[in-house]
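Summary of the model geometry
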Amino acid sequence: MRHRLSRRSPYAPDALFGLVGDVGRYPEFVPWVRSLRTWNARTEADGAEWMDAEVQVAFGPVRERFSTRVRRDPVLKRIDADLIAGPFRRLRNRWDFAPEDGGTRIDFDIDFELKSRLLEGLMAGNFDRAAGRLLTCFEDRARALFGDPGKT
């Protein structure tokens, strides 16, 4: 299953890159993320940062845990996450943050396949809404952290 979303935000690319890249804080504002831990943090010579992250999520009665390898590239303003282990056959997502009209164009791309056909079927019917809700969580968090750009 693959889904792509693009949205424009009034906030700066650096601010949004920092917000999305701060994966340890996801349980504070993404309602289905129950817990998250990171390990193996390291920085490459070019400034790109890597870490491994284990996430526990809950969607109604379904509770799962999975691990990803996260790469944050501050030059490209790109965050990639690739599956290490969990209920997926495949999981990759990418966030890109590009300057646009005094704000940022956010491009989010996720591609996954679950090991369980039953779970895959359950997700398929609600995935568009869930992906949109995820971006809304980040928009709400940006407003809480950086203020409402519509207010003077």
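Scroll up to find the structure.
In short, a report on the structure. Predicted model only: the values in this text are computed from it and were never measured.

A short note on the sheet that holds strand β7 (residues 103-114)
- Reading across the sheet, the seven strands line up as β1-β7-β6-β5-β4-β3-β2 and stay open at both edges, with antiparallel pairing between neighbours. Edge positions in the sheet fall to β1 (2-9) and β2 (33-43), since each has one partner strand and no second. Here the strands of the sheet are splayed against their neighbours by 20° on average, with no regard to which way each runs.
- As judged from the 12 bridges shared by strand β6 (residues 88-100) and β7, these two strands associate in the antiparallel manner. Paired with proline 99 across the strands is threonine 104, a residue of β7.

Looking at the nonpolar core
- Core analysis: the biggest nonpolar cluster contains 37 residues, and Tyr26, Val30, Val33, Trp95, Phe97 and Phe138 have the highest contact counts within it.
- Here this core gets seven residues from one element, more than from any other, and that element is helix α3 (residues 117-146).
- The contacts of tyrosine 26, once residues within four sequence positions are left out, are Leu19, Val20, Val33, Leu36 and Phe138.

As for the side chain of arginine 141
- Of note, arginine 141 is situated in helix α3.
- Leave out the neighbours within four places in its chain, and arginine 141 touches Leu19, Arg25, Glu28 and Phe29.

Brief notes about the side chain of aspartate 80
- You can see aspartate 80 is positioned in strand β5 (residues 78-85).
- Using a relative accessible area of 12% as the deciding quantity, one classes aspartate 80 as buried.
- Looking at aspartate 80, its side chain comes within polar contact range of the side chain of arginine 94, at 2.6 Å.
- Not counting the four nearest positions on each side in its chain, aspartate 80 is found in contact with Arg69, Val70, Arg71, Asn93 and Arg94.

Conventions adopted
- Residues numbered from 1 in each chain as written.
- Predicted model: local features only at pLDDT ≥ 70, side-chain atom pairs only at ≥ 80, totals over all residues.
- Heavy atoms only, no water.
- Pairing = 2+ DSSP bridges.
- Helix = DSSP H or I, 4+ residues; strand = E, 2+ residues; numbered from the N terminus.
- Axes fitted to C-alpha atoms, helices over the stretch in contact; angles between N-to-C directions.
- Core = buried A, V, L, I, M, F, W, Y, C linked by side-chain atoms within 4.5 Å.
- Buried < 20%, exposed > 50% of the residue type's maximum accessible area, 1.4 Å probe, protein only.
- Contact = heavy atoms within 4.5 Å.
- Polar contact = N/O pair within 3.5 Å; in protein donor to acceptor, adjacent residues only side chain to side chain.

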